[in-house]
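Residue strings, one per chain:
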Amino acid sequence: MSSRFMALLVDDNEVFLKQFTSVVAAGGDIEVVALDSAMQAFEVLDANPIDLIISDIEMPGMSGLQFFSRVQELYPDIPVIFITAFGSTAEAVDLLKRGAFYYFEKPVVDKIELFQATVREALIKRRMLKELSLLQKEKFLEKAPLATIIGESDEMKAVVDSVREIAELPVTVLISGETGTGKELVARAIHDLSCREDCSFLAVNCGSFAEGVLESELFGHEKGAFTGAIVRKPGLFELADRGTLFLDEITEASHLFQTKLLRVLETKMVTRVGGTTPIRSDFRIITATNRDLEKAVAAGRFREDLFYRLNIYPIYIPPLRERRDDIPVLAEYYFIKFKNRYNRPIEGLSAEAVFLLMDYDWPGNVRELVNVMERAVIRCKRSHVTPQDIPLIHEGSEWNNVGKASRLSLKDGERLLIRMALKHSEGSKTAAAESLGINRKTLAQKIKEFGIDHEPDE
């Protein structure tokens, strides 16, 4: 969030406007837009992130009271301070009851310190509400089942559709994709959208354990089953009863474990290591791999019958380099997350930074992007993140963006610039078109041509 504020000053007295603009801007961190008509104000409000409105009451065309009613309807979070030469106590009380931040009678010169303190208080309150709104939005996004599957590409929309389609069905799911693409996030979203959401979601990476240890983790063991087994331990299959068990990197499991897993999937019965009594468990299993399972079957590294058992409903998550449209969306999401976490006064990502992110191949996929955005937010000392703040994985090596042919087509670049212009104009097509140097009609045609999601602003 910017360290500067924007205030809108509306008064039909031009002399007062000229004199009072400097009074409002006295702190040095307030930019003032001065207008002599309330009718003009809505264009400014539509195109700029206004933090405070200071308005006269008696004005021709649209009075301050009519203006206030409209502002409350369209921009209820912007505080409004009134100044008038024809005020009364009753009117002041009425305005405060209706939601005005404060009310001053002219002349204000004899109470200038109170006025400036009131302006500062209103701006601070506005900033706090903005930050609170961002935090609430972030917390909501983190809780929403599909919110962590971020992307606007057709590929990620297909993944979301698959999650919605399969979540409620008691079907085994196989998620494939390169390391760092978000396979566990998809598995968790399936669990959270299913009837099992109130029960456990347990995840284990099959490549993280030696064969005997993995078997003990999943099947459990009886006391004395092996050296060190001093107590009975239930396995994850038991603990996932009525919940979901996510087995990541399933291709790393040994042939012996694959054979035992196939038996468990067929019977839903588990026998602890060192035990003799089968235990029934109503678990749902979701598996994931970063390898081509069909090739692993052909090479004899994975049981064919287990493959068919696991591959009932496949979901493929493409690498980030194959869905570059998602990079700006992901970068923005994690920029906001880390900016709030570290309380950094940064407004956003520069266009150059976004182009650099989109032009990179992301061998570590989303996991690498998250790391890069966290470090960029920590590094940034300006109002926007620039390429100098972005620590790509090849930093310090021969890789750089200078003199290298861009992977972005002209169409991709144009689409990105339009999206950024709409974002920075807070959805105003008029302001976005002006910043791009094109007319509004051309922008509307481009929005339609590129299939950019955009709510009409008029």
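What counts, and at which threshold
Residues numbered from 1 in each chain as written. Predicted model: local features only at pLDDT ≥ 70, side-chain atom pairs only at ≥ 80, totals over all residues. Heavy atoms only, no water. Helix = DSSP H or I, 4+ residues; strand = E, 2+ residues; numbered from the N terminus. Contact = heavy atoms within 4.5 Å. Areas by Shrake-Rupley, 256 points an atom, 1.4 Å probe, with all protein chains shown as cover. Buried < 20%, exposed > 50% of the residue type's maximum accessible area, 1.4 Å probe, protein only. Pairing = 2+ DSSP bridges. Axes fitted to C-alpha atoms, helices over the stretch in contact; angles between N-to-C directions. Expected span 1.5 Å × (residues − 1). Left-handed = near helix turned anticlockwise from the far one by under 90°. Nonpolar A, V, L, I, M, F, W, Y, C, P; charged D, E, K, R; others polar. Phe/Tyr/Trp six-rings, centres within 6.5 Å; stacked < 30°, edge-to-face > 60°. Lys NZ or Arg CZ within 6 Å of the ring centre and 35° of its normal. Core = buried A, V, L, I, M, F, W, Y, C linked by side-chain atoms within 4.5 Å. Right-handed = clockwise from strand over helix to strand, strands pointing away. Salt bridge = Lys/Arg side-chain N within 4 Å of Asp/Glu carboxyl O. Lys, Arg positive; Asp, Glu negative; His and termini not counted. Parallel < 35°, antiparallel > 145°, perpendicular 65-115°, else oblique.

Caption draft 1: Representation of the overall build of the protein chain within the structure. Scanning the protein chain for helices and strands turns up 18 helices and 16 strands. Sequence-distant contacts, at least 24 apart, represent 71% of the contacts inside the protein chain between residues at least 6 apart. Carbon together with sulfur atoms contributes 52% to the accessible area of the protein chain, which is approximately 23200 Å² in total.

Caption draft 2: View of unusual backbone geometry. The phi dihedral of Glu-249 is positive, around 50 degrees, even though this residue is not glycine. Its place among the elements puts Glu-249 in the loop between strand 10 (244-248) and helix 10 (255-267). Residue classification places Glu-249 among the buried positions, given a relative accessible area of 9%. The backbone of Trp-362 shows a phi angle near 50 degrees, a positive value even though the residue is not glycine.

Caption draft 3: Focus on the sheet that holds strand 7 (residues 201-205). Taken in spatial order, the 5 strands make up an open sheet running 7-10-13-6-14, and their pairing is parallel. Each edge of the open sheet is held by one strand with a lone partner, namely strand 7 and strand 14 (313-316). Direction aside, the axes of adjacent strands within the sheet are offset by 20 degrees on average. When strand 6 (residues 173-176) meets strand 13 (residues 284-289), the two strands line up parallel, connected through 4 bridges. Residue pairing in the sheet places Val-173 in a bridge with Ile-286 of strand 13.

Caption draft 4: Region of interest: helix 13 (residues 326-341). Between its first and last C-alpha atoms helix 13 spans 23 Å; for 16 residues at 1.5 Å apiece the expected length is 22 Å, and the two agree. Taken across its 16 residues, helix 13 has 13 buried, putting it largely inside the fold. Asn-343 lies just past helix 13 and shows a positive phi near 55 degrees.

Caption draft 5: Structural view of the packing of helix 6 (residues 154-166) against helix 7 (residues 183-192). Contact geometry of helix 6 with helix 7 gives a least axis separation of 9 Å together with a crossing angle of 35 degrees. Remark: the crossing between helix 6 and helix 7 carries right-handed chirality. On helix 7, the residues touching Val-159, Val-163 and Ile-166 of helix 6 are Val-186, Ala-189 and Ile-190. Its residues assigned to classes, the contact of helix 6 with helix 7 shows 6 nonpolar, no polar and no charged.

Caption draft 6: Inspection of the packing of aromatic side chains at higher detail. Taken as a whole and judged by the stated rule, the model has 15 aromatic pairs. An aromatic cluster is defined as three or more aromatic residues linked by ring pairs; in this entry it consists of Phe-16, Phe-20, Tyr-102, Phe-104 and Phe-115. Of note, Lys-268 hangs over the ring of Phe-283, and the distance from its end group to the ring centre comes to 4.8 Å.

Caption draft 7: Spotlight on the nonpolar core. Counting 30 residues, the largest nonpolar core has Leu-357, Trp-362, Met-373, Val-385 and Ile-390 as the members making the most contacts within it. Residues Phe-219, Ile-250, Phe-257 and Val-297 belong to the second largest nonpolar core, which totals 29 residues.

Caption draft 8: Seen up close, the sheet that holds strand 5 (residues 102-105). One open sheet holds the 5 strands; their spatial order is 2-1-3-4-5, and the pairing between them is parallel. With one partner strand each, in any of the chains shown, strand 2 (30-35) and strand 5 form the two edges of the open sheet. On average, adjacent strands in this sheet sit at an angle of 20 degrees to one another, irrespective of strand direction. On top of the sheet, helix 3 (residues 64-74) reaches strand 1 (5-10), strand 3 (52-56) and strand 4 (80-84); it is set at about 155 degrees to strand 3, its chief contact.

Caption draft 9: Quick peek at the pairing of strand 1. Burial of strand 1 is extensive: 6 of the 6 residues sit out of reach of the surface. Residues Phe-5, Ala-7 and Leu-9 point to one face of strand 1 and Met-6, Leu-8 and Val-10 to the other, with burial holding for every one of them. Sheet topology places strand 1 next to strand 2; 6 bridges connect them, and they run parallel. Residue pairing for strand 2: Phe-5 is matched across the bridge by Ile-30. In the classification by handedness, the crossover that spans strand 1, the intervening helix 1 (residues 14-24) and the parallel strand 2 is right-handed. Bridge count between strand 1 and strand 3: 4 bridges; the pairing is parallel. Paired with Leu-8 across the strands is Ile-53, a residue of strand 3.

Caption draft 10: Fine view of the pattern of salt bridges. In this structure the tally under the stated criterion is 18 salt bridges. Notably, a salt bridge pairs Asp-29 with Arg-120, separated by 2.9 Å at the nearest N-O pair. Here the residue Asp-29 occupies a position in the loop between helix 1 and strand 2, and Arg-120 occupies one in helix 5 (residues 112-143), the gap between them amounting to 91 residues. In this structure Arg-120 comes out as partly exposed when scored by relative accessible area, which is 26%. A salt bridge links Glu-222 to Arg-272, with the shortest nitrogen-to-oxygen separation between them at 3.1 Å.

Caption draft 11: Just the side chain of Glu-249, in detail. The side chain of Glu-249 sits in the buried core without any salt bridge; Lys-183 is the nearest counter-charge, 4.2 Å away. Those residues in contact with Glu-249 that lie beyond four places of it in its chain are Thr-179, Lys-183, Asn-205, Cys-206, Gly-207, Ala-288, Thr-289 and Asn-290.

Caption draft 12: Summary view of the environment of Arg-126. Mapped onto the fold, Arg-126 is located in helix 5. Residue classification places Arg-126 among the buried residues on the basis of a relative accessible area of 12%. Once the C-alpha coordinates of Arg-126 and Ile-78 are considered, the two residues, 48 residues apart in sequence, prove to be 6.9 Å apart. Setting aside residues no more than four positions away along its own chain, Arg-126 makes contact with Ile-50, Asp-51, Asp-77, Ile-78 and Pro-79.

Caption draft 13: Broad picture of the packing of helix 8 (residues 211-219) against helix 10. Where helix 8 contacts helix 10, the axes come no closer than 10 Å and their chain directions differ by 15 degrees. With respect to each other, helix 8 and helix 10 are oriented roughly parallel. By crossing handedness, the relation of helix 8 to helix 10 is classed as right-handed. On helix 10, the residues that touch Glu-211, Leu-214, Glu-215, Leu-218 and Phe-219 of helix 8 are Leu-256, Phe-257, Lys-260, Leu-261 and Val-264. Among the residues forming the contact of helix 8 with helix 10, the class breakdown is 7 nonpolar, no polar and 3 charged.

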